[in-house]
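Chain residues, written in single-letter form:
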Amino acid sequence: MVLPVHAPNHPGQTPDAFTPDSRQAWVRLVIALVIGSIGAVGMWAVVVVIPIVQAEFAATRGAVSLAFTLMMFGFGLGGVIAGKITDRFGIVPAMAISIAFLGVANVLAGLSGQLWQFVAAYFFIGLGTSATFAPLMAEASHWFERYRGLAVTIVASGNYVAGAMWPPIVSWGTQDIGWRYTHIGIGIVCAGLMTVLVLILRAQMGRDTVHDHANAPPPRVNLRLSTNTLTVLLSIASISCCVAMAMPQVHIVAYCGDLGYGVARGAEMLSLMMGCGIVSRIGSGYLADKIGGIYTLLVGSLAQGFALVFYLFFDSLTSLYLISAMFGLFQGGIVPSYAIIVREAMPASEAATRVGIVIFASVFGMSFGGWVSGVIFDATGSYAAAFANGVAWNALNIGIVVLLLIRARMGSVKTGPGLPLKV
C-alpha cells in the first residue's frame, strides 16, 4: 500500500529553502537527464568500434568484446562506490570523480597500443559512467515526493537517450578521423560539457549538495524486512529479470542473421526496442506515482514474460518487429522500479548506496544472461531453449515480487493508514 505523501513543511524551514516537486526540482531534473545522456557515451561507443578495433589489432571478436564486458562490470561496481560517496558527501563529488575517469579513460583508449590496454581503458570508462545512472537516480529521488517515480525514470532514460544519440556521432567520427581520435575527442568534449553541467547543478542545489536526512520522511512501505534482507531479495530479483531481458537485447541481431533476415534487420529491431524503452521508462514513472514501485515492477515483469513467450512461437520478420517493439514497451521501466522501491522501503540516508548495489546486480544479470544465452545456443543449435531459459528466470523474478507485495500488504494492515512505517 502506498500512502499519499505531500511536500513536508519542516519546522524552521526558511521561505527560500528547497521544496520537493517545485520548479527548481524540475530544473535540476533536466540538468541531470542531460548529464546522464552525455556520460553514458561509453556504453554505446564500444559497440560501434568493435569491428574496426578487431581489424586493427587482428584479434578475435570475443577478445574485443571483452571491452564491453569489463565496461559493464566497471559500471556496476562504480555504481556501488559512487553511491557510497553520494550518501556521505553528495552527488557533486561523485560526479567530479566520474568526469575525471571518463575524460582520462577515453583518451587512454584512443592512445592504446595493444588490445589489453583498450580493454582496460573501457573498465575505467565503465567506472566513470556509473555515477550517471544509479547514484543520479537516487539523488533525483530526493528532489521529488509526489512525482518521485516519474523523476527516477526520467533520469534513468539518460542511457537510452545516449543510445539514440551517440552511435551515429561515434560512427561518423570513426569514419572521418578514426576511432582513436574519436575516443580522444569524446574524452575532452564529455569532460568539458559535464563539468559545466555539474557546476550548474551545484549552483542550483546550493547548500543542499549534501543531504541532511535528519528530517527525511520515514519509508512509505512496511515490508517487515531488514534493510540487508530486502537488498538481497531485490538483488536476486534484479539478476533474474535482467537475465531474461538480456536474451533479446544481446542476441536479436544474431538471431535475425540465423533466420536469414540479415543483421541489419536485427539492428533495426534493437533500435526499435530501445526507442520503445524510453516510452516505457517514462510511462512506468507515471504508473509508480499512482500505484507504487512494487506494483509497477510486477506489471513490468509480467509483461516482459508475456513478450518473451511470443518469441518462442513467432519468428516471421513482421512478427519479430512487432514483438521487439512490444518487448521494449514492456521492459523499459523494470530496472528503475528497483530504485523507486528502495526509496519507498528503505531509509533515505542509504538510498544511493542501496540503489547502486541493486543496479550492480542488474548489470551482472545482463552480462550473465547474454553469456548463458550464447552457451545455450552453442549447445542446442537454436535460440528456442535460450528464450525458454529467459522465461524461467523471469518467473523467479515474478515470484520474489509477489512475495514482497504480500509482505507490503501485511505490513500496511498491521501498521494501519497514517501511522509511521518501520523497516
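Residues numbered from 1 in each chain as written. Predicted model: local features only at pLDDT ≥ 70, side-chain atom pairs only at ≥ 80, totals over all residues. Heavy atoms only, no water.

The name that an unreviewed UniProt entry assigns to the chain is MFS family permease, with the source organism given as Bradyrhizobium yuanmingense.

A count of helices and strands for the chain gives 16 helices and zero strands. Counting over 423 residues, the chain shows a buried share of 55%. Put simply, of all contacts in the chain between residues at least 6 apart along the chain, 85% involve residues at least 24 apart. For the chain, the computed accessible surface area is about 17400 Å², with 69% contributed by carbon and sulfur atoms. (Helix = DSSP H or I, 4+ residues; strand = E, 2+ residues; numbered from the N terminus. Buried < 20%, exposed > 50% of the residue type's maximum accessible area, 1.4 Å probe, protein only. Contact = heavy atoms within 4.5 Å. Areas by Shrake-Rupley, 256 points an atom, 1.4 Å probe, with all protein chains shown as cover.)

Before going further, it helps to examine the packing of helix α1 (residues 23-39) against helix α9 (residues 179-205). Running from amino to carboxyl end, α1 crosses α9 at an angle of 165°, the nearest separation of the two axes being 10 Å. Comparing the axis directions of α1 and α9 gives the class roughly antiparallel. Considering only the axes of α1 and α9, their crossing is left-handed. Taken together, the residues of α9 that come into contact with α1 (itself represented by Gln24, Val27, Arg28, Ile31, Val34, Ile35, Ile38 and Gly39) are Cys190, Leu193, Met194, Leu197, Val198, Ile200, Leu201, Gln204 and Met205. Split by residue class, the contact of α1 with α9 holds 13 nonpolar, three polar and one charged. (Axes fitted to C-alpha atoms, helices over the stretch in contact; angles between N-to-C directions. Parallel < 35°, antiparallel > 145°, perpendicular 65-115°, else oblique. Left-handed = near helix turned anticlockwise from the far one by under 90°. Nonpolar A, V, L, I, M, F, W, Y, C, P; charged D, E, K, R; others polar.)

Buried residues dominate helix α6 (residues 134-141), accounting for eight of its eight residues. Turning to α6, its buried residues number three or more, namely Ala134, Pro135, Leu136, Met137, Ala138, Glu139, Ala140 and Ser141.

Secondary-structure assignment places cysteine 256 in helix α10 (residues 227-259). A relative accessible area of 0% places cysteine 256 in the buried class. When residues no more than four places from it in sequence are discounted, the contact partners of cysteine 256 are Tyr261, Gly262, Gly266, Met269 and Leu320.

With 30 residues, helix α15 (residues 351-380) extends 43 Å between its outermost C-alpha atoms, agreeing within 8% with the 44 Å of an ideal straight helix rising 1.5 Å per residue. At the exit of α15 stands glycine 381, carrying a positive phi of roughly 75°. (Expected span 1.5 Å × (residues − 1).)

Turning to the packing of aromatic side chains, a few remarks are in order. Counted under the stated rule, the structure contains 19 aromatic pairs. Their ring planes at 75° and their centres at 5.3 Å tell us that phenylalanine 123 and phenylalanine 124 sit as a pair that is edge-to-face. When its relative accessible area of 37% is taken as the criterion, phenylalanine 124 is described as partly exposed. The structure contains a cluster of three or more aromatic residues connected by ring pairs, namely Tyr255, Tyr311, Phe327, Phe377, Tyr383 and Phe387. (Phe/Tyr/Trp six-rings, centres within 6.5 Å; stacked < 30°, edge-to-face > 60°.)

It is worth spelling out the environment of glycine 305 at this point. With respect to the helices and strands, glycine 305 occurs in helix α12 (residues 293-313). The class of glycine 305 is buried, set by a relative accessible area of 11%. A C-alpha to C-alpha distance of 9.9 Å links glycine 305 and asparagine 397, two positions 92 residues apart in sequence.

The final tally for this structure, using the stated rule, is two salt bridges. Glutamate 56 is paired through a salt bridge with arginine 180; the nearest N and O atoms lie 2.8 Å apart. Remark: arginine 180 occurs in helix α9 and glutamate 56 occurs in helix α2 (residues 41-57); sequence separation between them is 124 residues. Accessibility expressed as a relative area gives 40% for glutamate 56, which makes it partly exposed. Overall, arginine 180 belongs to the partly exposed group, its relative accessible area being 23%. Note that glutamate 350 and arginine 354 form a salt bridge whose closest N and O atoms lie 3.0 Å from each other. (Salt bridge = Lys/Arg side-chain N within 4 Å of Asp/Glu carboxyl O.)

Looking now at a nonpolar patch on the surface. On the surface, Val309, Leu312, Phe313 and Phe314 cluster together into a nonpolar patch covering about 370 Å² of accessible area. Assignment of secondary structure puts phenylalanine 314 in the loop between α12 and α13 (317-331). Taking the relative accessible area as the measure of exposure, phenylalanine 314 reaches 41% and is therefore partly exposed. (Patch = residues over 30% accessible without salt bridge, like charges linked within 9 Å, V, L, I, M, F, W, Y side chains within 5 Å.)

Moving on, we come to the confidence of the model for the chain. When pLDDT is averaged across the chain, the result is 83; 89% of the residues are at 70 or more. Averaged pLDDT values over the elements of the chain bottom out at 82 in α2 and peak at 94 in helix α4 (residues 91-111). Low pLDDT, under 50, characterises residues 1-15; the stretch is placed with 24 contacts to residues that sit more than four places away or in other chains. (pLDDT = per-residue confidence, 0-100.)

This part takes up the state of the cysteines. Considering all chains together, one arrives at zero disulfides under this definition. Free of any disulfide, cysteine 242 has its nearest neighbouring cysteine sulfur in cysteine 241, separated by 3.9 Å. Its relative accessible area of 1% is what places cysteine 242 among the buried residues. (Disulfide = S-S within 2.5 Å.)

The geometry of α10 relative to α13 is characterised by a closest axis approach of 11 Å and an angle of 170° between their N-to-C directions. The orientation of α10 with respect to α13, classified from their angle, is roughly antiparallel. Mapping the contact onto sequence places Met245, Pro248, Gln249, Ile252, Tyr255, Cys256 and Leu259 in α10 and Leu320, Ser324, Phe327 and Gln331 in α13.

Locating isoleucine 278 in the fold gives a position in helix α11 (residues 263-291). Apart from residues no more than four positions distant in its own chain, isoleucine 278 is found in contact with Ser157, Tyr160 and Val161.

Among all residues except glycine, the phi angle is most often negative; among peptide bonds, the trans geometry is most common. Located in the positive-phi region is aspartate 21, a residue other than glycine, with phi close to 70°. Tracing the backbone shows aspartate 21 in the segment before α1. If you check the backbone angles, alanine 58 has positive phi at about 50° while not being a glycine.

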